[in-house]
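# Secondary and tertiary structure notes
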Amino acid sequence: MSRENALVDADWVEAHLDDPKVVLVEVDEDVSAYDTGHISGAVRLDWKTELQAPVGRDFVNKQQFEELLSQKGISNDDTVVLYGGNNNWFAAYAYWYFKLYGHGDVKLLDGGRKKWELDGRALTTDETSREKTSYTAQGQDTSIRAFRDETIAAIGSKNLVDVRSPDEFSGKISAPAHLPQEQAQVNGHIPTAINVPWSKAANDDGTFRSDEELRELYKGLDTSKDTIAYCRIGERSSHTWFALHELLGEKNVKNYDGSWTEYGSLVGVPVEKDV
Amino acid sequence: MCGAPAQELSLEGIDVGKESVVQGTVTKGGSPLPGAYVRLLDATGEFTAEVVTSATGNFRFFAAPGEWTLRTLAPGASVDTSVTAVQGEAVNATVEVPS
């Protein structure tokens with residue numbers, strides 16, 4: 001993977017608005033954002049109701065993902081361009097998710113919704129309709145998904161990157177500062193994890209920093225070892241996974257989607273707290 | 001889970017005693033500005049959170065006690081505002097974006 005394959009800019013998107021093989025997909029943390037205006041022709045994906053299993057904490061299964069994409073009118077050979085709010089947090093999460101189920105050509109709009117809006121580019125409230133397709137997914141590619149036990153085993157042996165804010169990492173707060181702080185899990189981080197906040201990989205306007213800046217940012221990682229990125233629920237770490245795996249082309253980088261809401265609730269695992 | 005809170009400034013249902021709330025309104029030419037991006041930076045300038053202002057120009061953060069900077073982005077403008085958060089209180093800020 002490389003920047004040229006994984007990332008497109010707003011001009012590229014504007015030039016491909018009428019391309020029938022390019023499907024724009026908006027994924028927001030605030031799922032109502034789409035209704036207030038979206039890029040022309042974009043379909044909406046709801047990360048909470050459509051990507052999570054209806055019961056229990058896991059993703060929708062292969063068959064449910066196939067039904068979802070078929071219903072959205074996405075074909076296996078379509079170029080899927082994801083974008084969203086919050087500096088593409090959930091769009092990056094969806095990107096990782098599309099990769100998990102083996103979609104061929106998927107890209108992220110650099111800067112997402114924010115850059116698009118700050119540029120003053122057009123949004124529409126027109127409804128998007130796409131004909132239903134018959135989508136076929138691959139089995140989950142677990143080479144990019146880390147689970148609990150693997151993460152515990154990685155302590156002291158693999159790179160663990162905690163991409164939350166410094167205050168979440170130190171244990172001062174338990175959730176991003178735009179959310180209420182009451183949570184079931186304990187505060188802190190996984191021992192031996194280094195803290196590289198996801199936000200350092202992005203400019204103020206939400207675009208990714210250059211490859212040179214990203215390499216400098218992640219120089220604390222031992223590239224001879226595998227890497228597991230985590231955050232609170234796995235969406236910010238998708239952003240970092242994207243920077244490491246898709247932009248810099250690092251091999252063996254996994255996203256631990258259980259992240260702190262799982263790890264911080266486990267009984268008997270080591271936790272470090274700095275405050 | 002991670003859903004952004006409704007950006008109206010009611011604190012109903014939130015135990016304010018535990019929170020250090022930083023909230024306010026972004027205006028342009030004195031009128032509320034919806035759709036502006038407000039970034040919360042900690043005392044070292046480190047990014048902590050970001051929200052989009054509501055239809056009435058409002059924003060809110062659940063911070064920690066201490067010094068913070070609000071960086072407000074709108075097309076063609078970036079404005080920094082210093083605020084001090086206090087536990088158990090909701091600190092209000094008004095940010096005027098240049099026209």
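### Here we look at the packing of aromatic side chains
Residues and elements named next belong to chain A.
- Counted by the stated rule, this structure contains 21 aromatic pairs over all chains.
- For the ring pair W47 and Y93, a centre distance of 6.5 Å and an interplane angle of 90° mean the geometry is edge-to-face. Of this pair, W47 sits in the loop between β3 (43–44) and α3 (62–72) while Y93 is found in helix α4 (residues 85–100), placing the two residues 46 residues apart along the sequence. Take W47 and Y93: they sit in the same class, and that class is buried.
- Here the aromatic residues W47, F59, F65, F90, Y93, W96, Y97, F98, Y101 and Y135 are joined through ring pairs into a cluster of three or more.
- In this structure, R121 is placed above the aromatic ring of W116, and the distance from its NZ or CZ to the ring centre is 5.6 Å.

### Some details on helix α9 (residues 236–247) of chain A
Residue and element names in this part refer to chain A.
- In this model, α9 (12 residues) spans 16 Å end to end at C-alpha, consistent with the 16 Å of a helix rising 1.5 Å per residue.
- Among the 12 residues of α9, 11 are classified as buried, and the element is accordingly described as predominantly covered.
- Of all the residues in α9, the buried ones are R236, S237, S238, H239, T240, W241, F242, A243, L244, E246 and L247.
- Just past α9, the residue G249 takes up positive phi, approximately 70°.

### Let's talk about the pattern of salt bridges
- This structure, assessed with the given rule, holds 30 salt bridges over all chains.
- Across the pair E50 of chain A and K72 of chain A runs a salt bridge, and its minimum N-O distance is 2.9 Å. Placement of the pair is E50 of chain A in the loop between β3 and α3 and K72 of chain A in helix α3, with a sequence separation of 22 residues.
- According to the relative accessible area criterion, K72 of chain A is buried, its value standing at 15%.
- Here the salt bridges do not stand alone but share partners, grouping K114 and D204 of chain A together with R39, E50, R71 and D80 of chain B into one network.

### Examining the nonpolar core
- In this structure, V25, F65, L82, F98, L108, Y218 and F242 of chain A are the most contacted members of the largest nonpolar core, which totals 56 residues.
- Listed by contribution, the elements that provide at least two residues to this core are β2 (22–26), α3, β4 (79–83), α4, β5 (105–109) and α9 of chain A.
- Mapped onto the domain boundaries, this core takes at least three residues apiece from domain 1 (3–118) and domain 2 (145–263) of chain A.
- Dropping the residues within four chain positions of it, F242 of chain A is found in contact with A6, L7, Y95, L108, F208 and L247 of chain A.
- Counting 24 residues, the second-largest nonpolar core is a separate cluster that includes A177 of chain A together with V38, F61 and A74 of chain B.

### A look at the pairing of β2 of chain A
All names here are of chain A.
- Taken across its 5 residues, β2 has 5 buried, putting it largely inside the fold.
- Two strands pair when backbone bridges link them, and β2 and β4 are joined in this way by 5 bridges, in the parallel orientation. Paired with V25 across the two strands is L82, which belongs to β4.

### A few points about the sheet that holds strand β6 (residues 145–146) of chain A
Residues and elements named next belong to chain A.
- Spatially, β6-β10-β9-β7-β8 is the arrangement adopted by the 5 strands of the open sheet, whose pairing is parallel. Looking at strand neighbours, the two that pair on one side only are β6 and β8 (194–195), the edges of this open sheet.
- Pairing between strand β9 (residues 227–230) and strand β10 (residues 253–256): 3 bridges, direction parallel. Bridge pairing links A229 to N255 in β10.
- α9 contacts β9 and β10 of the sheet and is inclined by roughly 175° relative to β10.

### Looking at the sheet that holds β4 of chain A
Residues and elements named next belong to chain A.
- Read across the open sheet, the 5 strands follow the order β1-β5-β4-β2-β3; overall the sheet is parallel. The sheet terminates laterally at β1 (7–8) and β3, the two strands that pair on one side only.
- As paired elements, β1 and β5 share 2 bridges and run parallel to each other. Looking at β5, one finds that V8 is bridged to L109.
- Where α4 meets the sheet, it contacts β4 and β5, and its direction lies at approximately 170° from that of β5.

### Observations concerning the domain arrangement of chain A
All names here are of chain A.
- Splitting chain A by domain gives domain 1 (3–118) and domain 2 (145–263).
- For domain 1 versus domain 2, the distance between C-alpha centres works out to 21 Å.
- Taken together, the contact pairs 24 residues of domain 1 with 28 residues of domain 2.
- Across the domain 1 to domain 2 interface the summed buried area is about 2300 Å²; carbon plus sulfur atoms make up 62%.
- Sorting the residues of domain 1 by area buried against domain 2 places R3, W89 and W96 first, and these three jointly supply 34% of that buried surface.
- The tally of links from domain 1 across to domain 2 stands at 2 salt bridges.
- A salt bridge links D211 to R3; the shortest N-O distance between them is 2.9 Å.
- Our count for the domain 1 to domain 2 interface comes out at 10 residue pairs in polar contact (both at pLDDT 80 or more).
- Looking at the side of domain 1 that touches domain 2, the elements that each hand over two or more residues are α1 (3–6), α4 and α5 (112–118).
- Here the side of domain 1 that touches domain 2 gets 10 residues from one element, more than from any other, and that element is α4.
- Split into classes, the residues belonging to the side of domain 1 that touches domain 2 amount to 13 nonpolar, 3 polar and 8 charged.

Criteria and cut-off values
- Residues numbered from 1 in each chain as written.
- Chains lettered and ligands numbered in written order.
- Predicted model: local features only at pLDDT ≥ 70, side-chain atom pairs only at ≥ 80, totals over all residues.
- Heavy atoms only, no water.
- Phe/Tyr/Trp six-rings, centres within 6.5 Å; stacked < 30°, edge-to-face > 60°.
- Helix = DSSP H or I, 4+ residues; strand = E, 2+ residues; numbered from the N terminus.
- Buried < 20%, exposed > 50% of the residue type's maximum accessible area, 1.4 Å probe, protein only.
- Lys NZ or Arg CZ within 6 Å of the ring centre and 35° of its normal.
- Expected span 1.5 Å × (residues − 1).
- Salt bridge = Lys/Arg side-chain N within 4 Å of Asp/Glu carboxyl O.
- Core = buried A, V, L, I, M, F, W, Y, C linked by side-chain atoms within 4.5 Å.
- Domains from an automatic or database assignment.
- Contact = heavy atoms within 4.5 Å.
- Pairing = 2+ DSSP bridges.
- Axes fitted to C-alpha atoms, helices over the stretch in contact; angles between N-to-C directions.
- Buried area = accessible area lost by both parts, 1.4 Å probe.
- Polar contact = N/O pair within 3.5 Å; in protein donor to acceptor, adjacent residues only side chain to side chain.
- Nonpolar A, V, L, I, M, F, W, Y, C, P; charged D, E, K, R; others polar.

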